[in-house]
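Each chain, written out:
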Amino acid sequence: SLIGMDGLAIARPETLAAASDDPARLECFIPTPRVQNHAAFLAHLPGGDLGCVWFAGTQEGIPDISVMFSRLAPGATRWTEPVQLSDDPTRSEQNPLLFNHPDGALWLLWTAQTAGNQDTAIVRRRISRDGGRSWGAIQTVLGPQPGFGTFIRQPITVLDNGDLILPIWRCTSPPEGAWTGDRDTSSVMLSTDAGATWAEHPVPDSTGLVHMAILDLRDGTLLALFRSRWADFIHESRSQDGGRTWSAPTLTGLPNNNSSIAAIRLANGHLALLFNDSSAADATGRRLSLYDDIGGEAPAPSVGRAAFWGAPRAPMTLAISTDNGRTWPYRRNLETGDGYCLTNNSVDRRNREFSYPTLVQSADGAIHIAYTYWRQAIKYVRVEEAWVTGEST
């Protein structure tokens with residue numbers, strides 16, 4: 001069960017069923033044995049199952065954080081008991097993603113960092129040849145770099161010419177003190193040889209903009225949406241040459257709270273976006289950094305603009321655009337609440353954030369969603385586009 005601030009248990013149903021107050025919405029929680037669960041990522045698996053990976057353990061930044069994996073078979077009403085796919089006793093292993101490689105293999109990618117130091121992060125990989133039933137050896141895809149760590153969160157995009165685009169951000173080390181996010185910048189890693197080698201293509205003027213979600217608009221344009229360290233607005237950038245160059249990011253009209261977003265292009269050409277409809281303007285408190293509750297080195301002093309930590313991570317909102325992301329007229333909240341996240345401490349169970357969403361669409365048109373629920377669990381929800389727009393498509 002989930003545990004509230006008052007210490008009382010709250011039901012966490014693990015059987016997929018219609019919400020009690022909304023028959024058009026199916027939902028359940030994914031089983032987990034861990035105290036903290038965060039950063040879910042959904043993908044269709046070879047063979048037809050839906051897969052979910054996330055990181056779990058005691059608390060983000062602590063070395064017992066590892067990658068977990070569960071699956072939901074077509075027609076099933078319960079996710080499988082999770083299996084652990086990483087276990088480095090020296091690093092916090094975070095932000096996993098799944099990728100269906102064009103050769104039929106299933107990739108698992110994730111980051112691995114020392115303590116709360118994202119500027120030490122590397123990217124690791126395991127490959128499955130049987131749809132996630134078994135996994136090969138752990139490999140390092142993007143290794144240590146002087147002055148920055150490499151972080152991932154969003155899906156790999158496969159272009160029509162076969163190029164692979166992996167969005168990353170550089171967690172840049174300050175001259176003194178611990179990483180705080182103030183200097184982070186975004187790039188894409190582009191591969192023209194099916195992932196054997198990667199070349200970096202930076203996004204200009206992207207300081208403080210991370211979690212780059214790339215959408216292929218199918219008209220020669222790639223649209224990228226960014227999380228903002230400044231907790232102001234989602235930013236956007238576009239590429240007309242297959243991700244090799246990008247426009248300088250500009251503000252959208254959508255707020256951002258320095259937390260992750262997720263977006264996909266639906267089969268009908270519409271875009272679907274999951275985000276927290278809040279920003280620093282809604283905050284009543286502020287954290288020093290993401291990791292100020294696990295101790296360690298003091299955060300670096302800010303020089304210029306400082307990353308804002310602690311803006312509410314709620315509501316969790318699903319939005320639809322019918323004009324390639326220029327406007328988002330349709331919005332509906334999946335969760336509401338105060339979104340308290342001035343701590344990531346899941347042992348004390350004080351966090352009440354809804355965050356780090358992920359979504360995919362299945363062949364039947366359903367939109368499958370997962371997100372962090374209070375840092376204690378991963379919640380899974382299934383809706384149709386009409387649940388947001390009120391219109392059949």
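Throughout what follows, the structure given in this document is the object of discussion.

The rules behind the values
Residues numbered from 1 in each chain as written. Predicted model: local features only at pLDDT ≥ 70, side-chain atom pairs only at ≥ 80, totals over all residues. Heavy atoms only, no water. Helix = DSSP H or I, 4+ residues; strand = E, 2+ residues; numbered from the N terminus. Buried < 20%, exposed > 50% of the residue type's maximum accessible area, 1.4 Å probe, protein only. Contact = heavy atoms within 4.5 Å. 1 Å grid on protein atoms, 1.4 Å probe; cavity = no way out; pocket = protein on both sides within 12 Å on 5 of 7 lines; lining within 4 Å. Points joined across faces, edges and corners; volume = space filled by probe spheres on them. Nonpolar A, V, L, I, M, F, W, Y, C, P; charged D, E, K, R; others polar. Polar contact = N/O pair within 3.5 Å; in protein donor to acceptor, adjacent residues only side chain to side chain. Salt bridge = Lys/Arg side-chain N within 4 Å of Asp/Glu carboxyl O. Pairing = 2+ DSSP bridges. Axes fitted to C-alpha atoms, helices over the stretch in contact; angles between N-to-C directions.

Some points on the environment of Arg129
And then number 1: Within the fold, Arg129 resides in the loop between β11 (117-128) and β12 (139-142).
And then number 2: Its relative accessible area of 64% is what places Arg129 among the exposed residues.
And then number 3: Contacts of Arg129, omitting those with residues within four sequence positions, involve Asp103, Ala105 and Ser134.

Let's talk about the environment of Pro144
And then number 1: Along the chain, Pro144 falls in the loop between β12 and β13 (148-151).
And then number 2: In this structure, the C-alpha to C-alpha distance between Pro144 and Gln118, residues 26 residues apart in sequence, is 11 Å.

Comments concerning the layout of surface pockets
And then number 1: As a volume, the largest pocket reaches approximately 800 Å³.
And then number 2: Along the wall of the largest pocket there are 28 residues; nearest its centre are Pro155, Ile156, Thr157, Ile264 and Val360.
And then number 3: For the lining of the largest pocket, the secondary structure elements donating two or more residues are β5 (36-44), β9 (92-100), β14 (157-158), β18 (209-216), β22 (262-265) and β26 (354-361).
And then number 4: Looking at the lining of the largest pocket, the element that brings in the most residues is β26, giving five residues.
And then number 5: The residue inventory of the lining of the largest pocket, partitioned by class, reads 18 nonpolar, six polar and four charged.
And then number 6: Counted as a void, the second largest pocket has a volume near 250 Å³.
And then number 7: Lining of the second largest pocket is provided by 15 residues; of these, Ala178, Tyr291, Gly295, Gly296 and Glu297 occupy positions nearest its centre.
And then number 8: Of the residues belonging to the lining of the second largest pocket, the class tally is seven nonpolar, six polar and two charged.

So, the side chain of Ser187
And then number 1: Of note, Ser187 is situated in strand β16 (residues 185-191).
And then number 2: Under the relative-accessibility criterion, Ser187 is labelled buried at 2%.
And then number 3: A distance of 2.7 Å separates polar atoms of two side chains, one belonging to Ser187 and the other to Glu200.
And then number 4: Residues within four places of Ser187 in sequence aside, it is in contact with Leu166, Pro167, Ile168, Glu200, His201, Pro202, Val203 and Met212.

Describing the pattern of salt bridges
And then number 1: For the coordinates displayed, the defined rule picks out 25 salt bridges.
And then number 2: With its nearest N and O atoms 3.0 Å apart, the salt bridge here joins Arg170 to Glu200. You can see Arg170 sitting in strand β15 (residues 164-172) and its partner Glu200 sitting in strand β17 (residues 199-202), a full 30 residues away along the chain.
And then number 3: Using a relative accessible area of 28% as the deciding quantity, one classes Arg170 as partly exposed.
And then number 4: What you see here is one network of salt bridges that share partners, running through Arg25, Glu27, Glu335 and Lys379.

Focus: the sheet that holds strand β21 (residues 250-255)
Sheet strands associate in pairs through backbone hydrogen bonding, adopting either a parallel or an antiparallel arrangement.
And then number 1: Pairing is antiparallel across the open sheet formed by four strands, whose spatial order is β18-β19-β20-β21. Where the open sheet ends on each side, the last strands, each with one partner, are β18 and β21. Neighbouring strand axes in the sheet, compared pairwise and without regard to direction, differ in orientation by 30° on average.
And then number 2: Bridge count between β18 and strand β19 (residues 222-228): six bridges; the pairing is antiparallel. Residue Ile214 lies in a different strand from β19, and its bridge partner there is Ala224.

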